[in-house]
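Next come the chains, spelled out residue by residue.
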Amino acid sequence: MSTSVPTASAPGASARSGTALAVVAMLCVQLGLAVSVGLIDRLGTEGTAWLRLAWAGLLLAVLVRPRLRGFTRRGLLTCVLLGVVTAALTFLFMAAVARIPLGTASALEFLGPLGVAVVRGRGRARLWAGVAAVGVLLLTEPWRGGVDPVGIGFALAAAFCWAGYIVLTQKVGDEATGLRGLAVSMPVAGLTATAVVALTDAPAVLGALDPQLLLVGLGLAVLLPVVPFSLEMLALRRLTTAAFGTLMALEPA
């Protein structure tokens, strides 16, 4: 099913509320990343990403209980694809940060939403995207970091996934009411993350897990990604992808 979505070009409360939702989502993401530092020291980057995504998928599946019969085949496929892209984005960015400075990784990753803003934007929207790009470069100062080709490759791949995440999130939001679409995509992301850890670092991750870490992971999953991803989906029902992509320039700040 498809619903009409107000655009950012239409003045009114809808665009303002969409902007507010996006800003709150960004604050949750950054707070969640800050809280993740202690968990990364014990589980590693891949283990931390897996624990967050697995809990998030389980929580949304239990709380929302989406009925797959209510989706069209195209809508369900879009949800599955969003889940895979979400997991890929999470793992790729963490792999990049493990190899290059955070400022460099953030600047390169921002090419994703910037690309969406440029491609989908018109007139002044493209100008604001350019201004946002300059601001991100000045904030992150990527030229100060060392160059690791593998790390740069991971960051660019994360940028591509972030662009796909923005476009797919809006499509999923158009296809399904409420958080039904997210309640399908996040379990897929959790399963994808589980498969990645199982193939790469399962013994180390499972060996480090204990009841305390599981509870911490549950709380962290609520902060990131459950709350921000839900807010982003709601925001993209009120904003164009170009406006949303430009707003993402606030995250490095």
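Up top is the structure.
Residues numbered from 1 in each chain as written. Predicted model: local features only at pLDDT ≥ 70, side-chain atom pairs only at ≥ 80, totals over all residues. Heavy atoms only, no water.

*Asks:* Pulling in residues and values, what's your account of helix α3 (residues 102–109)?
*Replies:* Along α3, seven of the eight residues are buried, which leaves the element largely enclosed by surrounding structure. Taken together, the buried positions of α3 are G103, T104, A105, S106, A107, L108 and E109. Summarising the contacts, the buried residues of α3 are in contact with α2 (73–97), α4 (111–120), α5 (124–140) and α6 (149–175). (Buried < 20%, exposed > 50% of the residue type's maximum accessible area, 1.4 Å probe, protein only. Helix = DSSP H or I, 4+ residues; strand = E, 2+ residues; numbered from the N terminus. Contact = heavy atoms within 4.5 Å.)

*Asks:* Give a detailed account of the environment of Y165, specifying residues and quantitative values.
*Replies:* Along the polypeptide, Y165 turns up in helix α6. When the C-alpha positions of Y165 and L58 are compared, they lie 20 Å apart, and in sequence the two are 107 residues distant. What Y165 contacts, discounting residues up to four positions off in sequence, is L82, V85, T86, L89, F229 and E232. Looking at Y165, its side chain comes within polar contact range of the side chain of E232, at 2.4 Å. (Polar contact = N/O pair within 3.5 Å; in protein donor to acceptor, adjacent residues only side chain to side chain.)

*Asks:* Explain the environment of E251 residue by residue, including any values.
*Replies:* Here E251 lies in the segment after α10 (241–247). Apart from the residues within four sequence positions on either side, E251 is in contact with M26, V29, Q30 and W162. Within the structure, the side chain of E251 is placed 2.7 Å from the side chain of Q30, a separation counted as a polar contact.

*Asks:* Give me the pattern of salt bridges: which residues, what numbers.
*Replies:* Counted under the stated rule, the structure contains one salt bridge. Here R42 makes a salt bridge to D210, at a shortest N to O gap of 3.1 Å. Of this pair, R42 sits in helix α1 (residues 13–64) while D210 is found in the loop between α8 (202–208) and α9 (211–235), placing the two residues 168 residues apart along the sequence. Look at D210 and you get partly exposed, because its relative accessible area is 24%. (Salt bridge = Lys/Arg side-chain N within 4 Å of Asp/Glu carboxyl O.)

*Asks:* Report on the side chain of T78, specifying residues and quantitative values.
*Replies:* Among the structural elements, T78 can be located in helix α2. Reaching out from T78, the side chain makes a polar contact with the backbone oxygen of R74 at a distance of 2.9 Å. Non-local contacts of T78, meaning those with residues more than four positions away in its chain, are made with L168, K171 and V172.

*Asks:* Outline the packing of α2 against helix α7 (residues 180–200), supporting the account with residue identities and numerical values.
*Replies:* In helix packing, the relevant descriptors are the interaxial angle and the interaxial distance, both defined with respect to the helix axes. The contact between α2 and α7 brings their axes to 7 Å, and the two run at 45 degrees. Taken together, the axis directions place α2 and α7 in an arrangement best described as oblique. The two elements α2 and α7 meet at a crossing, and its hand is right-handed. Counted together, L76, C79, V80, L82, G83, V84, T86, A87 and F91 of α2 and G181, V184, S185, M186, V188, A189, T192, A193, V196 and V197 of α7 form the full contact between these two elements. (Axes fitted to C-alpha atoms, helices over the stretch in contact; angles between N-to-C directions. Parallel < 35°, antiparallel > 145°, perpendicular 65-115°, else oblique. Left-handed = near helix turned anticlockwise from the far one by under 90°.)

*Asks:* Would you mind going over the packing of α1 against α7 in detail, with residue names and values included?
*Replies:* At their nearest, the axes of α1 and α7 sit 7 Å apart, and the two run at 150 degrees to each other. Helix-helix and strand crossings are classified by hand; for α1 and α7 the assignment is left-handed. Here α1 contributes E46, W50, L53, A54, A56, G57, L60, A61 and V64 to the contact with α7, which in turn contributes R180, L182, A183, M186, P187, A189, G190, A193, T194, V197 and T200. For the contact of α1 with α7, a count of residues per class yields 14 nonpolar, four polar and two charged. (Nonpolar A, V, L, I, M, F, W, Y, C, P; charged D, E, K, R; others polar.)

*Asks:* Lay out the packing of aromatic side chains in plain terms, naming residues and giving numbers.
*Replies:* The final tally for this structure, using the stated rule, is one aromatic pair. In this structure, R180 packs its charged tip against the face of F71, placed 4.6 Å from the ring centre. (Phe/Tyr/Trp six-rings, centres within 6.5 Å; stacked < 30°, edge-to-face > 60°. Lys NZ or Arg CZ within 6 Å of the ring centre and 35° of its normal.)

*Asks:* Which residues make up a nonpolar patch on the surface, and what are the values?
*Replies:* Nonpolar side chains collect at one region of the surface, where V134, L137, L138 and W143 lie side by side and expose about 440 Å² of accessible area between them. On the secondary structure map, V134 appears in helix α5. For V134, a relative accessible area of 47% gives the class partly exposed. (Patch = residues over 30% accessible without salt bridge, like charges linked within 9 Å, V, L, I, M, F, W, Y side chains within 5 Å. Areas by Shrake-Rupley, 256 points an atom, 1.4 Å probe, with all protein chains shown as cover.)

*Asks:* How would you explain the nonpolar core if you had to name every residue and give the values?
*Replies:* Ranked by size, the top nonpolar core spans 67 residues in total, and within it L53, F110, Y165, I166, M186 and F244 carry the most contacts. Sort the elements by how many residues they give to this core and α1 lands first, with 12 residues. (Core = buried A, V, L, I, M, F, W, Y, C linked by side-chain atoms within 4.5 Å.)

*Asks:* Talk me through unusual backbone geometry; I want residue IDs and the actual numbers.
*Replies:* The step from L224 to P225 runs through a cis peptide bond, and the omega angle for that step is 25 degrees. Structurally, the position occupied by P225 is in helix α9. The phi dihedral of R65 falls on the positive side, at around 50 degrees, and the residue is not glycine. Tracing the chain through its elements places R65 in the loop between α1 and α2.

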